[in-house]
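Each chain, written out:
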Amino acid sequence: MSELLSTPFGPKATADEVLAGVDLTGKRILVTGGASGIGGETAAALARAGAEVTVAVRDPAAADTLVHRADREGWSGQIRACRLDLADLTTVRDLARAWEGPLHALVANAGIMALPDLVRSTAGWEMQMATNYLGHFALATGLLPALRKAGAARVVAVSSGAHRGHPIDFDDPHFDTTPYDRWVAYGRSKAADVLMAVGMARRWADDGITANALMPGWINSGLQRHLDLKTLQAMGGADENGNRIDQPHYKDLRQGAATNTLLAASPLLEGVTGRYFEDNQESPVTADGTGDGVAAHALDPGNADRLWGLAQAALP
Ligand SMILES: NC(=O)c1ccc[n+]([C@@H]2O[C@H](COP(=O)([O-])OP(=O)(O)OC[C@H]3O[C@@H](n4cnc5c(N)ncnc54)[C@H](OP(=O)(O)O)[C@@H]3O)[C@@H](O)[C@H]2O)c1
């Protein structure tokens, strides 16, 4: 195992701090779910550093505020929006086909968490796995020609510490025979995101493409929309009156976007691939999935190849 990569940035560094002095003029970057939450702050920081950022969202009008902010505040880069529903692979294919020119970085950021009931995508996959993983897999593989064109493109897979306790169940990945559990489903989808980066690192290195995964930290955002108040309170994310509160270890959105921007655009990550980061540092491996860091099952090349095969078979 090579030495863990460390950077000068602490856990509460902001995306702007990570990109200070980095000029992204001429770089074209796609951020899924880039109109709000961590994705919105990721897109903003990248555009402030000069990148031409496309935010891919279910409702492109949701990006209007960001587009206007870019104009009003005179960001050196720009923001544009396009339509994407990760759970509908036809919209994914349409976006990939319509993309012209190089793509320097894809930030696979959009996500959903803890859907109370088992829902399936149009492809028949469990909805969190379909949105958080399969849609991004389809998007990245569809955009492969554009990533190749960039010369040294990067894929950033936004995962979560929730991946650790939930290896993919290859016998029943979509809860056909085992009872649905919303946290298991979320955790597996986030393990799949790490495995996606590992699979890309194994296949696309000769094209100069790197792929890494990350945990952004704990951030109060729209992600918790499917949690009832009792659950949110038990997690420490809301007070007794239902107001959202930040625990000391929580990050704000600008801090939550920092590791995204580090992986997408920092020179410190040049040539680095197939790894997992948290708090702007590479994480150690935890063999049994407990504690902090990245679980061994999520970095396992055999699991990555097996999942790659499943996803490829699901593409239209
Ligand atoms: N917040 C945390 O504490 C935390 C911790 C660990 C990992 N993460 C990860 O960080 C990422 C960003 O989360 P966040 O906290 O910023 O949550 P958020 O505020 O809910 O943002 C998620 C974004 O994903 C988009 N999205 C959801 N379903 C989509 C679909 N089918 N197609 C396209 N876009 C879709 C949403 O767009 P709409 O506006 O269309 O819904 C939204 O812009 C997620 O991958 C999440 O798992 C977050």
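Read on for a plain summary of the structure.

Rules and cut-offs
Position numbers for residues count from 1 along each chain, tracking the sequence in the order it is written. Totals for whole chains, interfaces and linings use every residue, but because this is a predicted model, local features are given only for residues with pLDDT of at least 70 and side-chain atom pairs only at 80 or more, for both listing and counting. Segments assigned H or I by DSSP are reported as helices when at least four residues long, segments assigned E as strands when at least two residues long, and all are numbered from the N terminus. Radius of gyration here uses only the C-alpha atoms, and the compact-globule reference equals 2.2 Å multiplied by the residue count raised to the power 0.38. Three classes are used. A residue is buried when 20 or more other C-beta atoms lie within 10 Å of its own, exposed when 12 or fewer do, and partly exposed in between, with C-beta atoms placed from the backbone. With C-beta atoms placed from the backbone, a contact is any residue pair whose C-beta atoms sit within 7 Å. When buried Ala, Val, Leu, Ile, Met, Phe, Trp, Tyr and Cys residues are joined through C-beta atoms within 7 Å, the set is termed a nonpolar core. By this definition, two strands are paired if DSSP reports at least two bridges between them. Any residue whose backbone-placed C-beta atom lies within 6 Å of a molecule or strand is treated as near that molecule or strand. Residues are grouped as follows: nonpolar covers Ala, Val, Leu, Ile, Met, Phe, Trp, Tyr, Cys and Pro; charged covers Asp, Glu, Lys and Arg; every other residue, Gly included, is treated as polar. Think of each axis as a best-fit line through the C-alpha atoms, taken over the contacting stretch in the case of a helix, with angles from 0 to 180 degrees between the N-to-C directions. Any angle that falls under 35 degrees is termed roughly parallel, while one over 145 is termed roughly antiparallel, one within 65 to 115 roughly perpendicular, and all others oblique. Crossing handedness is defined as follows: a turn of the near helix away from the far one that is anticlockwise and smaller than a right angle gives a left-handed crossing, while the clockwise case is right-handed.

### Examining the overall build of the protein
Looking only at helices and strands, the protein features 12 helices and 10 strands. Rg of the C-alpha trace for the protein: 18 Å, near the compact-globule value of 20 Å for 316 residues, within the 12% margin. The C-alpha extent of the protein, read off along each of the three principal axes, is 50 × 50 × 40 Å. Expressed as a percentage of its 316 residues, the buried residues of the protein come to 48%. Taking all contacts inside the protein whose residues are at least 6 apart in sequence as the whole, residues at least 24 apart take part in 76%.

### Concerning the nonpolar core
The biggest cluster of nonpolar side chains holds 94 residues, and the ones touching the most others in it are Leu46, Val55, Leu106, Val156 and Val194. Residue contacts for Leu46: discarding those within four places in its chain leaves Leu24, Ile29, Ala51, Val53, Gly77, Thr261, Ala264 and Ala265.

### Overview of the pairing of strand S4 (residues 105–108)
Of the two faces of S4, the one holding Ala105 and Val107 and the one holding Leu106 and Ala108 are both buried throughout. By the bridge criterion, three bridges tie strand S1 (residues 28–32) to S4 in an arrangement that is parallel. Considered in S4, the bridge of Val31 is made with Val107. When S4 meets strand S5 (residues 154–158), the two strands line up parallel, connected through four bridges. Residue pairing for S5: Ala105 is matched across the bridge by Arg154.

### As for the site of the ligand
Taken together, the neighbourhood of the ligand is formed by 31 residues, with Gly33, Gly37, Ala110, Gly111 and Gly222 sitting nearest. Secondary structure elements with two or more residues in the shell around the ligand: helix H2 (37–48) and helix H5 (127–142). With three residues, H2 is the single largest residue contributor to the shell around the ligand. When the residues that make up the shell around the ligand are grouped by side-chain class, the tally is 16 nonpolar, 12 polar and three charged.

### Brief notes about the environment of Ser121
Counting through the fold element by element, Ser121 comes out in the loop between S4 and H5. For the pair formed by Ser121 and Leu89, sequence separation is 32 residues and the distance between their alpha carbons is 9.1 Å. Sequence-distant contacts of Ser121, defined by excluding residues within four places in its chain, comprise Ala87, Met127 and Ala130.

### Things to note about the environment of Gly34
Along the chain, Gly34 turns up in the loop between S1 and H2. Distance from Gly34 to Leu232, taken between C-alpha atoms, is 24 Å for residues 198 residues apart in sequence.

### Section: the sheet that holds strand S2 (residues 52–57)
Here we have eight strands laid out as an open sheet, ordered S3-S2-S1-S4-S5-S6-S7-S8, and mixed in their pairing. Every interior strand has two partners, whereas the edge strands, strand S3 (78–83) and strand S8 (281–282), have only one. Strand direction decides the pairing type here: strand S7 (residues 276–278) and S8, joined by two bridges, are antiparallel. Residue Glu278 lies in a different strand from S8, and its bridge partner there is Gln281.

### Side note on unusual backbone geometry
The phi torsion of most residues other than glycine is negative, and most of the peptide bonds are trans. The backbone phi angle of Phe175 is positive, close to 55°, even though this residue is not glycine. One non-glycine residue, Asn280, lies in positive phi territory at about 70°. By secondary structure assignment, the location of Asn280 is in the loop between S7 and S8.

### A few points about the packing of helix H4 (residues 89–98) against H5
At their nearest, the axes of H4 and H5 sit 9 Å apart, and the two run at 25° to each other. If you check the angle between H4 and H5, you find them roughly parallel. Between H4 and H5 lies a crossing whose hand is right-handed. Where H4 abuts H5, its residues Leu89, Val92, Arg93, Leu95 and Ala96 lie against Gly135, Ala138, Leu139 and Gly142. A class-by-class count of the residues in the contact of H4 with H5 yields six nonpolar, two polar and one charged.

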